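What follows is each chain in one-letter form.
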Amino acid sequence: MATLLSERQQDDLHKAILDYLHSAGFTRTFEEFKQESSQADFQPDLGQKSSGLLVKKWTSVIRMQKKILDLESRLAQALHENSHMAALPSGFSKRNNPDWLPTAGSPKHTLTGHRDVVNTVAFHPVYSVVASGSDDCTIKVWDWETGELERTLKGHTKRVTDCEYDSKGKHLVSSSYDLFIKLWNVENDYQNFATLRGHEHSVSSVRFLPGDDRIVSASRDQTVRIWEIASTHCIKVIKPHTDWIRCALPSLDGRYLVTCSMDHTARVVEVSSGTTKAELRGHDNVVEVAVFVPRISVPAIRELVGQKTGTTQPAITEGIAIAHVATGSRDKTIKIWDAIRGQCLHTLVGHDDWVRALVFHPNGQYLLSAADDHSIRIWELKTGRCMRKIEAHERFVSSLSWGRQAINKDSGKEGDGPNLMNVIASGSSDQTVKIWMP
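Because the structure is predicted, anything quoted here is derived from the model rather than measured. (Residues numbered from 1 in each chain as written. Predicted model: local features only at pLDDT ≥ 70, side-chain atom pairs only at ≥ 80, totals over all residues. Heavy atoms only, no water.)

K.L.:
Kindly report on the confidence of the model for the protein, identifying the contributing residues and their values.
P.N.:
Do not read the fine detail of predicted coordinates wherever pLDDT is low. Chain-level statistics for the protein give a pLDDT mean of 86 and a share of 85% at 70 or above. Contacts of residues 84-92 to residues separated by more than four positions or lying in other chains number nine contacts, the stretch itself having pLDDT below 50. Scored below 50 in pLDDT, residues 308-321 makes 26 contacts in the model with residues more than four places away or belonging to other chains. (pLDDT = per-residue confidence, 0-100. Contact = heavy atoms within 4.5 Å.)

Below you can see the structure in the form of structure tokens.
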């Protein structure tokens, strides 16, 4: 077979092979190849062009192969999305596509300004604003459409662990390792108008209860506390766990909470009585996050576990779909639970490190998760399959939030139009917030 290399290229290749054989200690092969390749005068020399050349070429080929596979994967995703968009009705844009999912491409904005780990991100329910809390003790408020920093809130003296806007966007609440919960008046330049005191250790999470007149918080002091905003008093103390409580999130009607803890469990707790209605035990490590499965996702969950969509499901409270819970853990798994019987229905396996955040897609078909493996993963609920992995940050992805912004159909501006624009924010220990949108 005729060689494809010139005489000079053959000579360089032979020298590179000889250099490799010598450096690898294949002495006998080295001597024999010197004679067979007519390189009897070859002497290894670190200064020669052939020194280490074969290893460099080999590693560069591997890198190129990996890059090609990545590009092929991204191309396939783009082609799939384009074919899907082509099937949409005339005048329907990607910006308000209800089935939109983030892709592995670049985010719309990378927000930089925090000087330490970003622990939480929260969207304003009306304006194009997102708030982020950090280990640098500050909360930053950003315009997510332009990527500009609007203001920095200083008031906490230790890491900010959580924050959330109320349903109308009038108030922002934040929690911290400094033991305090702070309330900020959004309409009055984010003035700190109240500080809630009572927890005896780091406060892990804080959320508004439905109605926006009460707050629920979780702490390392092993308590969940209910606060009345008008009086700033703690009106109830609940002790559902025997270890650090990582988060406490309310149901849609505010009658129940789902909590999770370093004791490896999650629990469904009745707010009025403080009693545990279900214990979800099955993770092998700390449960970092627990959320109620929204009603729109229940049919997909039933399909996942082989139930018929029309099957009647018992409910803890009439008219409110809180029969299922999703949890994420340091054991790298996500579990879907029957929150009434305390039974694990399915385990999603794929992350390579601690799972930190869970968000359900508004169309009910997907679950998004964020983890310390630097990735965001998208799970198809009806099959339990990880359908997409996004290398989102350079370090741990600590938080994830989905915003649904009302936009005017014709102008694309905020308004009372029927369309909704999708936007996702992720926070990371790389000190950035990333905005993902169509």
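K.L.:
Describe in detail the UniProt feature "domain: PAC1-like LisH-like dimerisation" (unreviewed entry) in the protein, supporting the description with residues and values.
P.N.:
In the numbering adopted here, UniProt assigns the feature "domain: PAC1-like LisH-like dimerisation" (unreviewed entry) to residues 7-41. Annotated as 77% helix and 0% strand, the span residues 7-41 places its first and last C-alpha atoms 17 Å apart. (UniProt positions renumbered as here; feature names shortened; annotations may be inferred. Helix = DSSP H or I, 4+ residues; strand = E, 2+ residues; numbered from the N terminus.)

K.L.:
Just give me the short version of the UniProt feature "repeat: WD" (unreviewed entry) in the protein, but keep the residues and values in it.
P.N.:
In the UniProt entry, the feature "repeat: WD" (unreviewed entry) is given for residues 111-152, 153-188, 196-237, 325-347, 348-389 and 422-438. When the span residues 153-188 is considered, its composition is 0% helix and 53% strand, and the gap between its end C-alpha atoms is 13 Å. Spanning residues 422-438, this segment combines 0% helix with 71% strand, and its end C-alpha atoms are found 7 Å apart.

K.L.:
Before we move on, could you go through the pattern of salt bridges and cite the residues and values that matter?
P.N.:
On inspection of all chains with the given rule, the structure shows 15 salt bridges. A salt bridge links Arg-356 to Asp-372; its shortest N-O distance comes to 2.9 Å. A residue pair is termed long-range when its members are at least 10 positions apart, and Arg-356 in strand β22 (residues 355-360) and Asp-372 in the loop between β23 (366-371) and β24 (375-380) qualify at 16 residues. On the accessibility criterion, Arg-356 (22% relative accessible area) is partly exposed. Residue Asp-372 is classed as buried on the basis of its relative accessible area, which comes to 4%. We note a salt bridge from Glu-391 to Lys-389, for which the minimum N-O separation is 3.1 Å. We classify Lys-389 as partly exposed; its relative accessible area is 37%. What you see here is one network of salt bridges that share partners, running through Arg-246, Glu-288, Arg-330, Arg-356 and Asp-372. (Salt bridge = Lys/Arg side-chain N within 4 Å of Asp/Glu carboxyl O. Buried < 20%, exposed > 50% of the residue type's maximum accessible area, 1.4 Å probe, protein only.)

K.L.:
Which residues make up helix α1 (residues 7-23), and what are the values?
P.N.:
Given a rise of 1.5 Å per residue, 17 residues ought to cover 24 Å, and the 25 Å separating the end C-alpha atoms of α1 matches this to within 8%. Backbone geometry just downstream of α1 places Gly-25 in the positive-phi region, at approximately 85°. (Expected span 1.5 Å × (residues − 1).)

K.L.:
With reference to specific residues and values, describe unusual backbone geometry.
P.N.:
A positive phi angle is found at Tyr-190, which is not glycine, with a value near 60°. Its location among the elements puts Tyr-190 in the loop between β8 (181-185) and β9 (191-196). In this structure, Gln-431 takes a positive phi of about 75° despite not being glycine. Summarising the element assignment, Gln-431 is placed in the loop between β27 (419-428) and β28 (432-436). Judged by relative accessible area, which is 31%, Gln-431 ranks as partly exposed.

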